[in-house]
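# Report on the structure
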Amino acid sequence: MAPAPGPDPEGAPLLVACALGIERLALRAGGRAAPYGPVTVLRTGMGPRAAERAVGRALAEPTTAGAAVVATGFCAGLLPGMNPGDLVVATEARDPRGTVVCAGTAELTAALGRAVPGRTVHTGLLTGSDHVVRGTERAELRATGAVAVDMESAATLWTAVHTVPGPGAGTGPPPAGAPRSPYPGGPRPVAAVRVIVDAPEHELVRIGTVRGGISAFRVLRAVLPAFHDWHRSLLLPRR
């Protein structure tokens, strides 16, 4: 039997998933080059079900089957003192099905500090919701330990880690002879980075929403190089 194909770090793809057209516009405007390998910016549509379907389809494609996955876009912050334009790097993403642990959080946080100097970067649990969260529900989610909430990240990452890379991608254990992961740490790495557009003292229904939205758009436009740095760090041999 022929050995499974070896990893190909130079060709390891990166899939960046966002929900909205304006989020995809910001990411594409921020950098079209992919210096460390191919990158696909995928618009999933709003909500967890749309994210699951779109990411599942993308990871079934040969060009992105083995991709590392980053969920990104805008979110609602849950902690007092958060401001539009602040960044959230998830250590974990949670929805009713369970929790997905993110890879390379420290490296990603450092890369964002270089890409968007002067911006506050929060780290912690990112929770999923199937609706826009406002008012007292923020406090309820904060009490669970979450620092931010959005509708697609948890569903995106859950789908990514439960989809087997390779031809005929699907859920379950990898088939015999499937290509080995190019990532020294093991299976598909995932991460979530969100830009706060809405926070306890800056709810969307209040005056200042437009200014906050512009601030968040500008930050999202600058994050793609950080995703490339994170991706490259995952391809380096572990000691």
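Description of the structure in this document. These figures come from a predicted structure and were not determined experimentally. Residue positions are given per chain, counted from 1 along the sequence in the order it is written. pLDDT decides what is reported in this predicted model: residues at 70 or higher carry local features, side-chain atom pairs at 80 or more are listed and counted, and totals for whole chains, interfaces and linings draw on all residues regardless. Hydrogens and waters are ignored; side-chain quantities use all the structure's heavy atoms.

## Brief notes about the overall build of the protein chain
Keep this limit in mind: Strands here are runs of E lasting at least two residues and helices are runs of H or I lasting at least four, both read from the DSSP assignment and numbered beginning at the N terminus. Using a 1.4 Å probe on the protein chains alone, a residue whose accessible area is under 20% of its type maximum counts as buried, one over 50% counts as exposed, and one in between counts as partly exposed. Residues are treated as being in contact if the distance between any of their heavy atoms lies within 4.5 Å. Using the Shrake-Rupley algorithm and a 1.4 Å probe, accessible areas are obtained, with residue cover drawn only from the displayed protein chains.
What the protein chain contains, in helices and strands, is seven helices and eight strands. Burial analysis of the protein chain (239 residues in total) assigns 48% to the buried set. In the protein chain, of all internal contacts separated by at least 6 residues, the share reaching a separation of at least 24 is 80%. Carbon together with sulfur atoms contributes 58% to the accessible area of the protein chain, which is approximately 11100 Å² in total.

## Observations concerning the packing of helix α2 (residues 48-59) against helix α5 (residues 153-161)
As a reminder of what qualifies: Axis definition: a line fit to C-alpha positions, over the contact stretch in the case of helices; interaxial angles, taken between N-to-C directions, run 0 to 180 degrees. Definitions for this section: a left-handed crossing has its near helix turned counterclockwise from the far helix by less than a right angle. A right-handed crossing has that turn clockwise. Just so you know the grouping, Ala, Val, Leu, Ile, Met, Phe, Trp, Tyr, Cys and Pro go in nonpolar, Asp, Glu, Lys and Arg go in charged, and all remaining residues, Gly too, go in polar.
Their axes nearest at 8 Å, the elements α2 and α5 cross at an angle of 35°. Both α2 and α5 take part in a crossing whose hand is right-handed. Between α2 and α5, the residues in contact are P48, A51, E52, V55, G56 and L59 and A155, T156, T159 and A160, respectively. Class assignment for the residues of the contact of α2 with α5 results in six nonpolar, three polar and one charged.

## As for the pattern of salt bridges
Heads up, the rule is: What counts as a salt bridge is simple: a side-chain nitrogen of Lys or Arg found within 4 Å of a carboxyl oxygen of Asp or Glu.
A full pass over the atoms with the stated rule returns seven salt bridges. For the salt bridge of D150 with R194, the shortest nitrogen-to-oxygen distance reads 3.3 Å. Of the two residues, D150 is situated in strand β7 (residues 146-150) and R194 in strand β8 (residues 190-198); the sequence distance between them amounts to 44 residues. Of the two residues examined, D150 and R194, each falls in the buried class.

## Description of the environment of A54
Assignment of secondary structure puts A54 in helix α2. Along the chain, A54 and A19 lie 35 residues apart, while their C-alpha atoms are 9.8 Å from each other. Discounting chain neighbours no more than four positions away, the residues touching A54 are L42 and T44.

## A word on helix α7 (residues 224-235)
Condition: Expected helix span is computed as 1.5 Å times (number of residues minus one).
The first and last C-alpha atoms of α7 sit 17 Å apart over twelve residues, in line with the 16 Å expected at 1.5 Å per residue. Burial within α7 is extensive, with nine of its twelve residues counted as buried. For α7, the set of buried residues is L224, A226, F227, H228, W230, H231, S233, L234 and L235.

## Let's talk about the pairing of strand β6 (residues 121-128)
Inclusion rule: The criterion for strand pairing is that DSSP finds at least two bridges linking the strands in question.
In the sheet, strand β4 (residues 87-95) pairs with β6 via seven bridges, with the strands oriented parallel. In the sheet register, A90 faces β6, and the bridge partner there is G124. Two elements, β6 and β7, share four bridges in a ladder whose sense is parallel. Bridge pairing in β7 places T127 opposite V149.

## With respect to the packing of helix α3 (residues 105-115) against α7
Between α3 and α7, the shortest axis-to-axis distance is 8 Å and the interhelical angle comes to 145°. With respect to the hand of their crossing, α3 and α7 are arranged in right-handed fashion. When α3 is examined against α7, the residues E107, L108, A111, L112, R114 and A115 are found in contact with a partner set consisting of A226, F227, D229, W230 and S233. The residue makeup of the contact of α3 with α7, split by class, is seven nonpolar, one polar and three charged.

## Thoughts on the nonpolar core
Where we set the bar: Buried Ala, Val, Leu, Ile, Met, Phe, Trp, Tyr and Cys residues that are joined via side-chain atoms within 4.5 Å together make up what is termed a nonpolar core.
The biggest cluster of nonpolar side chains holds 29 residues, and the ones touching the most others in it are L27, L108, V223, F227 and W230. Elements supplying a minimum of two residues to this core: β1 (14-18), α1 (21-30), β3 (68-77), β4, α3, β8, α6 (209-220) and α7. When residues in this core are grouped by element, the largest group, five residues, is from α7. Excluding residues within four positions of it along the chain, W230 makes contact with L14, A68, V69, V70, A103, G104, L108, P189, V190 and A191. Of all hydrophobic cores here, the second largest spans 28 residues; its members include A17, C102, L126 and V190.

## A closer look at the pairing of β1
For β1, the buried fraction is high: five of the five residues fall into the buried class. Both faces of β1 are covered, namely the face carrying L14, V16 and C18 and the face carrying L15 and A17. Relative to strand β2 (residues 39-43), β1 runs parallel, the two being bridged by five bridges. Bridge pairing links L15 to T40 in β2. Two elements, β1 and β3, share four bridges in a ladder whose sense is parallel. Opposite A17, over in β3, you have A71 as the bridge partner.

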